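For reference, the chains in residue letters:
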Amino acid sequence: MKFIITLCVFIVAAVTTHLHAQTFSAEGLEFTVVSETEKTVSINRFLDDFKGGWTYTLPEKVAYQDAEYTVTEIGRLAFYKCRNITLLTIPNTITTIGYRAFEACTGLNGVTLSANIRTWGTGVFEGCTSLKYLTIPEGLTIIGQQAFNKCSGLQSVAIPGSLTEIGRGAFMDCTSLAVVTMGEGVRTIGSAAFSGCTSLVSINLPASITEIGSTAFEETAITKIAIPDNVTVLSGSLFRNCI
């Protein structure tokens with residue numbers, strides 16, 4: 001009985017703490033404290049007075065109540081349909097980007113990613129139709145599923161050798177994407193990763209690749225491709241409906 005009571009008290013305390021996660025605003029953004037001990041916060045959303053700018057770097061640190069917090073996360077839908085940013089830099093303090101965090105930011109023209117992103121929500125930059133310039137830094141290891149889906153203005157992508165996985169549908173329906181270079185290190189190309197990239201005529205796959213998911217290159221303009229000898233998983237319909 002004592003164990004049950006103690007356990008109940010622990011659960012109630014945990015739920016109460018979760019429900020009362022501290023939020024505050026600064027620099028036109030709303031933040032939630034992720035860890036008071038480690039002094040880390042997440043960006044919840046942009047506020048009405050958020051100015052953004054032609055070039056905008058998300059803050060690495062933010063001050064609140066005489067303490068300094070490190071910004072480590074971008075929450076789900078945090079910048080959904082934000083049209084106040086043209087060129088965006090995500091600092092290396094950021095390790096997590098939530099579900100559709102920048103979806104439909106139609107004014108977004110260029111993005112420089114954090115090298116330390118380890119957790120991606122689905123569709124982080126989906127529908128950013130003006131996005132043309134994407135900088136993927138050395139050190140980044142994964143691009144999340146549907147991360148750049150329907151970024152129809154994206155023309156080229158250079159993938160560094162540190163990257164090991166391109167997620168499912170990562171560049172799906174990027175209809176202007178014509179040039180993709182991959183560094184030696186990529187091991188997995190997820191299903192539908194480049195599906196619908198109708199301007200993609202050719203792609204050189206590094207010898208490091210071991211797995212290519214189904215429909216990875218369907219509805220592209222690829223007519224010839226060399227599959228590396230190390231590929232052990234080659235799923236179906238890779239080149240279905242290629243133009």
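For the structure, see preceding data.
These numbers were taken from a predicted model, which means no experiment stands behind them.

### What about the sheet that holds strand E17 (residues 211–212)?
Strand order in the open sheet made by the five strands is E12-E14-E16-E17-E18, with parallel pairing throughout. The strands lining the two open edges of the sheet, one partner per strand, are strand E12 (142–143) and strand E18 (233–234). Across two bridges, strand E16 (residues 188–189) lies against E17 in parallel orientation. Across the sheet, the residue bridging to Thr188 is Glu211, located in E17.

### A look at the side chain of Gln146
Relative to the elements of secondary structure, Gln146 occurs in the loop between E12 and strand E13 (156–159). With sequence-adjacent residues up to four places away left out, Gln146 is seen in contact with Arg100, Thr122, Gly123, Val124, Glu126, Arg168, Gly169 and Ala170.

### Looking at the environment of Ile222
Mapped onto the elements of the fold, Ile222 is located in the loop between E17 and E18. Along the sequence, Ile222 and Cys242 sit 20 residues apart, while their C-alpha atoms lie 6.6 Å from each other. Apart from the residues lying within four places of it in its own chain, the contact partners of Ile222 are Leu200, Val201, Ser202, Ile203, Phe217, Phe239 and Cys242.

### Remarks on the environment of Val62
Relative to the elements of secondary structure, Val62 occurs in strand E5 (residues 61–64). Separated by 16 residues in sequence, Val62 and Phe46 place their C-alpha atoms 14 Å apart. If sequence neighbours within four positions are ignored, Val62 has contacts with Phe24, Ala26, Phe31, Val41, Ala67, Glu68, Tyr69 and Val71.

### Some details on unusual backbone geometry
With phi around 60°, Lys81 is a residue other than glycine that occupies positive phi space. Checked against the element boundaries, Lys81 lands in the loop between strand E6 (67–74) and strand E7 (85–89). Using a relative accessible area of 39% as the deciding quantity, one classes Lys81 as partly exposed. Non-glycine residue Ala104 carries a positive phi angle of around 60°. Within the element layout of this structure, Ala104 appears in the loop between strand E8 (96–97) and strand E9 (110–112).

### Considering the pairing of E5
Burial along E5 is one-sided: the face carrying Val62 and Tyr64 is buried and the face carrying Lys61 and Ala63 is not. Here E5 pairs with E6 via four bridges, running antiparallel. Looking at the pairing, Tyr64 lines up with Ala67 of E6. The turn joining E5 and E6, which pair antiparallel and follow one another in sequence, is formed by two residues; a positive phi near 50° is taken by Gln65.

### Things to note about the nonpolar core
Core analysis: the biggest nonpolar cluster contains 69 residues, and Phe79, Phe102, Phe125, Phe171 and Phe194 have the highest contact counts within it. Elements that contribute at least two residues to this core include exactly strand E1 (23–26), strand E2 (29–35), strand E3 (40–46), E5, E6, E7, E13 and strand E15 (179–182). Once residues lying within four places of it in the same chain are set aside, the contact partners of Phe79 are Leu29, Ile43, Phe46, Phe50, Leu58, Ile74, Ile85, Ala101, Phe102, Glu103 and Cys105.

### Some details on the pairing of E6
Note on strand geometry: in a regular strand, side chains alternate between the two faces of the sheet. Burial analysis of E6 places six of its eight residues in the buried class, which makes it a mostly covered element. Direction of pairing for E3 relative to E6: parallel, over a ladder of four bridges. Looking across to E6, one finds that Ser42 is bridged to Glu73. As judged from the two bridges shared by E6 and E8, these two strands associate in the parallel manner. Counted as the bridge partner of Ile74 is Ile97 from E8.

Scoring rules and cut-offs
- Residue numbers restart at each chain and count upward from 1, following the sequence in its written direction.
- Per-residue local features of the predicted model are confined to residues with pLDDT of at least 70, and side-chain atom pairs are confined, for both listing and counting, to 80 or more; whole-chain, interface and lining totals are unaffected and use all residues.
- In computing side-chain properties, one takes all heavy atoms of the structure into account and sets aside hydrogens as well as water.
- Only strands that DSSP links by at least two bridges are regarded as paired with each other.
- Where helices and strands are cited, they refer to DSSP runs of H or I of at least four residues and of E of at least two residues respectively, numbered from the N terminus.
- Whether two residues touch is decided by their heavy atoms; if any such pair falls within 4.5 Å, the residues are in contact.
- Throughout, exposure labels follow a simple rule: accessible area from a 1.4 Å probe, protein chains only, divided by the maximum for the residue type, with under 20% read as buried, over 50% as exposed, and the rest as partly exposed.
- Side-chain atoms within 4.5 Å link the members of a nonpolar core, which is a set of buried Ala, Val, Leu, Ile, Met, Phe, Trp, Tyr and Cys residues.

Shape is all these values report; function is a separate question.
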